[in-house]
Amino acid sequence: MNILVVGGGGREHALVWRLAQSPEKPRIFCVPGSDGISHLAETANIRVDQIPHLVQFAREERIDVAVVGPEQPLVAGLIDELQKAGVPSVGPTRTAAEIEGSKVFMKELMTRVGVKTAPFKVLSGKTDTLTYIRHRPFPQVLKVDGLAGGKGAFVLNELADAWAALGMIFDSKELAEAGKRLIVEDFLPGEEASFIVLTDGENCVPLPPAQDHKRLNDDDQGPNTGGMGAYVPAPVLTDELQQRVLKEIIRPVLHGMAQMGRPYRGFLYAGLMITKEGPSVLEFNARPGDPETQPQMFSLREDLLPVLVQVAQGRLEGRPQSIEFSPSACVVVSSAGYPGTPEKGKVIQGLGKKETDPDVAVFHAGTKKSGENWITNGGRVLGVTARGSSLQNALQKAYGRLETIQFEGMHFRKDIGRKGLNRPEAP
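All values derive from a computational prediction rather than experimental measurement. Residues take numbers from 1 onward in each chain, read along the sequence in its written order. pLDDT decides what is reported in this predicted model: residues at 70 or higher carry local features, side-chain atom pairs at 80 or more are listed and counted, and totals for whole chains, interfaces and linings draw on all residues regardless. By convention in this description, side-chain values take in all heavy atoms of the structure and omit both hydrogens and water.

The numbering of helices and of strands both runs from the N terminus, where a helix is a DSSP run of H or I of at least 4 residues and a strand a run of E of at least 2. Secondary structure assignment for the protein chain yields 14 helices and 23 strands. For a compact globule of 427 residues, the expected C-alpha radius of gyration is about 22 Å, and the protein chain comes in at 20 Å, within 12% of that figure. With the C-alpha coordinates of the protein chain rotated into their principal frame, the extents come out at 60 × 50 × 45 Å. The buried label goes to any residue with under 20% of its type's maximum accessible area, the exposed label to any with over 50%, and the partly exposed label to all in between, with areas taken from a 1.4 Å probe on protein chains only. The buried share among the 427 residues of the protein chain stands at 57%. Within the protein chain, contacts between residues separated by at least 24 positions form 70% of all contacts whose residues are at least 6 apart in sequence. Within these notes, the globule rule equals 2.2 Å times the number of residues to the 0.38 power, and the radius of gyration is based on C-alpha atoms. Contacts are residue-level and defined by heavy atoms, with any inter-residue pair within 4.5 Å sufficient.

Below is the structure:
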């Protein structure tokens, strides 16, 4: 069986790693892939936005199942073109991927299907948005409508925060396009969690519930990032709450998307706030999480490949709605300057040797090989991941491996998983 994973970051490295464990021994391609992935999969120099080239590659290599990691090619319609070429794929079509591509669409969908989310207002322009914010109580949340790599949400505690956020949005090349429309919504107090399922459009298999750490620094301080670490399972999502999420959020959304003529197939990621009243949706993503995928893939005790095949073929019906897993944690190591302009080209010490502990893996996100050395090549550089008999054990292993890694300007949070450990129901 020939499998194609589209992407080249830490999330895709984790997916490739998990697929390489399959007893079916598939031939794995990862495009564009990376130097860190190349020992597990065949790679090709095709960017994720080069959709015709990706489809041609899938045809030439007779791909049986394609799995798309990043959101950009999904929103651009890669799945549509793969389906036209007869390539079974795991991911939503362009119209279904709008659930992530447009926050406005997502919020209006929540209203339409009766899913709980924060009250919101759609706005455009710096002046109108600032006027609206000025006349509302703080705290508030400001979000750009389009894709922003996890950096398009701002918590506003005072008017000065709004000035700063709007200045960043309208002055930044990265955010200006995504910020043509804006959302201002009520701030929801509570604890965040990630609930991700694999779905064929009607049936779904939940992955282990996760908790991401979006802020750059300890104690949830500093700017938003793409994610500085994650762990599974997140005890804030009890078994009872998981069933509520499936019943009150996931299934209504899948039904609503189908009714709109946008059937959803692939990874569906619900970013939740767990409030005193229960789960409320902060956002939806149309792909596997990053860095949630790293501990999720490393934690699984069963073969992922048959599940992906069933999703791609639209036949999850009858499959058990559970996957066995072990507690697992990922600590992201970033470069100086991230999440702004990261420093690159720093030599990384502590990589290159085969991992001696089967319960530890280092997933490459922003690295490349230079001669005999590994060097930094992005903002989020590595995802040091471990599994254990408990969450505490997994975290000890991950941080223990981190002590052997070093490069100039490296940064990581030292409190990954702390919220989970402080809960009495911690695994």
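Next up on the list: the pairing of strand E17 (residues 278-285). Of all the eight residues making up E17, eight are buried; the element is thus mostly covered by neighbouring parts of the structure. Relative to E17, strand E16 (residues 266-275) is paired through seven bridges, and the arrangement is antiparallel. Each residue of the ladder has a partner; that of Tyr269, found in E17, is Asn285. Strand pairing requires that DSSP identify at least two bridges connecting the strands.

Now for the pattern of salt bridges. By salt bridge we mean one thing: a side-chain nitrogen of Lys or Arg within 4 Å of a carboxyl oxygen of Asp or Glu. According to the stated counting rule, one finds 26 salt bridges in the structure shown. Note that Glu185 is salt-bridged to Lys107, the shortest N-O span being 2.7 Å. Note that Glu185 is positioned in strand E9 (residues 182-186) and Lys107 in helix H6 (residues 103-113), a separation of 78 residues in sequence. Take Lys107: its relative accessible area is 1%, and that puts it in the buried class. Lys419 is the partner of Asp220 in a salt bridge, and the nearest nitrogen-oxygen pair spans 3.0 Å. Of this pair, Asp220 sits in the loop between strand E13 (215-217) and strand E14 (221-224) while Lys419 sits in helix H14 (residues 418-421), placing them 199 residues apart in sequence. With relative accessibility at 32%, the residue Asp220 sits in the partly exposed group. The class for Lys419 is partly exposed, based on a relative accessible area of 39%. If you follow the salt bridges from partner to partner, you end up with Asp220, Arg413, Asp415 and Lys419 in one network.

Residues Asp220 and Asp415 lie 195 residues apart in sequence; the distance between their C-alpha atoms is 9.2 Å. Once you skip the residues sitting within four places of it in the chain, Asp220 turns out to touch Arg215, Arg413, Asp415 and Lys419.

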